[in-house]
Amino acid sequence: KKLTSVAASSSTANTTMRPLNEQEMTTMFQKMAVFIGHNVKNLLQRTDDKHVFRLHKDRAYYIGERVLKASSSIGSKELVSMGVCVGKFSGTGKFRLHITSLPLLAQYAKHKVWVKPASEMSFLYGNHVLKAGVGRISDGAQLQSGVVVFSMSDIPLGFGVMARAGMDVKGLGPTDIVVLHQVCAVCFTLV
């Protein structure tokens, strides 16, 4: 009986929507900074509408204040989602970015990789980006830096980590891995 009451009380504590505390903000911004660098501050200092981060059921949401005010009339148990789900906090306190944050990452990305049309499907099915599939790379991409992967028509497909520095790519063979796959739009819908 004690175990079920403890579990029930912890699950109801997670259903309320609240601002992120300092540790959660730091953890989330560190993860986002891998892909967007110092542009994290641009998420909070928007000119069109003020946005905030809120935590609901262990998920971090990026919400406009107008949407936040409108969602306050909905009970926390009935509220499923609002705004853009940036990611989820694990039980150990680690933060994982979700594919739903791709529009935010694509807008403020520090490093970008464009893949050729022949390699788009390979990336979308979960494979790494090979040198033969790279259309172009933004300047300054370093080894193990976060990149957003785009199609040649500037459609964001997913994100990953550079397996090689951007300036080293020219000397690679066609089957060498350039970007390590992390998340893509199709992977999210298949799971």
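Throughout what follows, the structure given in this document is the object of discussion. (Residues numbered from 1 in each chain as written. Predicted model: local features only at pLDDT ≥ 70, side-chain atom pairs only at ≥ 80, totals over all residues. Heavy atoms only, no water.)

### Observations regarding the overall build of the protein chain
Then comes step 1: From N to C terminus, the protein chain includes seven helices and eleven strands.
Then comes step 2: Looking at the protein chain as a whole, 38% of its 191 residues are labelled buried.
Then comes step 3: At a minimum sequence separation of 6, the contacts of the protein chain that also span at least 24 residues come to 58%.
Then comes step 4: Of the accessible surface of the protein chain, which amounts to about 11000 Å², a share of 56% is contributed by carbon and sulfur atoms. (Helix = DSSP H or I, 4+ residues; strand = E, 2+ residues; numbered from the N terminus. Buried < 20%, exposed > 50% of the residue type's maximum accessible area, 1.4 Å probe, protein only. Contact = heavy atoms within 4.5 Å. Areas by Shrake-Rupley, 256 points an atom, 1.4 Å probe, with all protein chains shown as cover.)

### Observations regarding helix α2 (residues 22-36)
Then comes step 1: With 15 residues, α2 extends 20 Å between its outermost C-alpha atoms, agreeing within 8% with the 21 Å of an ideal straight helix rising 1.5 Å per residue.
Then comes step 2: Among the residues making up α2, those that are buried are Glu24, Met28, Phe29, Met32, Phe35 and Ile36.
Then comes step 3: N-cap assignment for α2: the residue whose side-chain oxygen lies 3.2 Å from the backbone N of Gln23 is Asn21.
Then comes step 4: At the C-terminal side of α2, Gly37 shows a positive phi close to 60°. (Expected span 1.5 Å × (residues − 1). Polar contact = N/O pair within 3.5 Å; in protein donor to acceptor, adjacent residues only side chain to side chain.)

### Regarding the packing of aromatic side chains
Then comes step 1: What the rule picks out here adds up to five aromatic pairs.
Then comes step 2: Here Phe29 and Phe53 contribute two aromatic rings whose centre-to-centre distance is 5.5 Å and whose plane-to-plane angle is 75°, an arrangement assigned as edge-to-face. Residue Phe29 is located in helix α2, and its partner Phe53 is located in strand β2 (residues 51-56); the two are separated by 24 residues in the primary sequence.
Then comes step 3: An aromatic cluster of at least three residues, connected via ring pairs, comprises Phe29, Phe53 and Tyr62.
Then comes step 4: When the ring centre of Trp114 is taken as reference, the NZ or CZ atom of Arg136 above it lies at 4.0 Å. (Phe/Tyr/Trp six-rings, centres within 6.5 Å; stacked < 30°, edge-to-face > 60°. Lys NZ or Arg CZ within 6 Å of the ring centre and 35° of its normal.)

### Section: the pattern of salt bridges
Then comes step 1: Applying the stated criterion across every chain yields a total of three salt bridges.
Then comes step 2: Between Arg18 and Glu24 there is a salt bridge, with its nearest N and O atoms 2.8 Å apart.
Then comes step 3: Judged by its relative accessible area of 31%, Arg18 falls in the partly exposed class.
Then comes step 4: According to the relative accessible area criterion, Glu24 is buried, its value standing at 14%.
Then comes step 5: With a shortest N-O distance of 2.8 Å, Arg46 and Asp48 are connected by a salt bridge.
Then comes step 6: Among the residues examined, Arg46 registers a relative accessible area of 27% and is labelled partly exposed. (Salt bridge = Lys/Arg side-chain N within 4 Å of Asp/Glu carboxyl O.)

### Remarks on the environment of Gly158
Then comes step 1: In this structure, Gly158 sits in strand β10 (residues 156-162).
Then comes step 2: Residues Gly158 and Pro103, 55 residues apart in the sequence, show an inter-C-alpha distance of 9.6 Å.

### Quick word on the sheet that holds strand β9 (residues 146-151)
Then comes step 1: Spatial ordering of the open sheet is given by β7-β11-β10-β9-β6-β8, a layout of six strands whose pairing is mixed. Two strands in the sheet have a free side with no partner beyond their single neighbour: β7 (129-130) and β8 (134-137).
Then comes step 2: Here five bridges tie β9 to β10, and the two strands are oriented antiparallel to one another. Bridged to Phe150 within β10 is Pro156.
Then comes step 3: The sheet contacts of α2 involve β9, β10 and β11 (177-184), and relative to β9 the element is tilted by about 55°. (Pairing = 2+ DSSP bridges. Axes fitted to C-alpha atoms, helices over the stretch in contact; angles between N-to-C directions.)

### Comments concerning the sheet that holds strand β5 (residues 95-97)
Then comes step 1: Spatially, five strands are ordered β1-β2-β3-β4-β5 in an open sheet, and the strand pairing comes out antiparallel. The open sheet has two free edges, formed respectively by β1 (18-19) and β5, since each of these has just one partner strand.
Then comes step 2: Here strand β3 (residues 59-64) runs beside strand β4 (residues 84-89); their pairing, made up of four bridges, is antiparallel. Following the sheet pairing, Arg59 is matched in β4 by Lys88.
Then comes step 3: In this fold α2 packs onto β1, β2, β3, β4 and β5, with an angle of close to 40° to the strand it touches most, β5.

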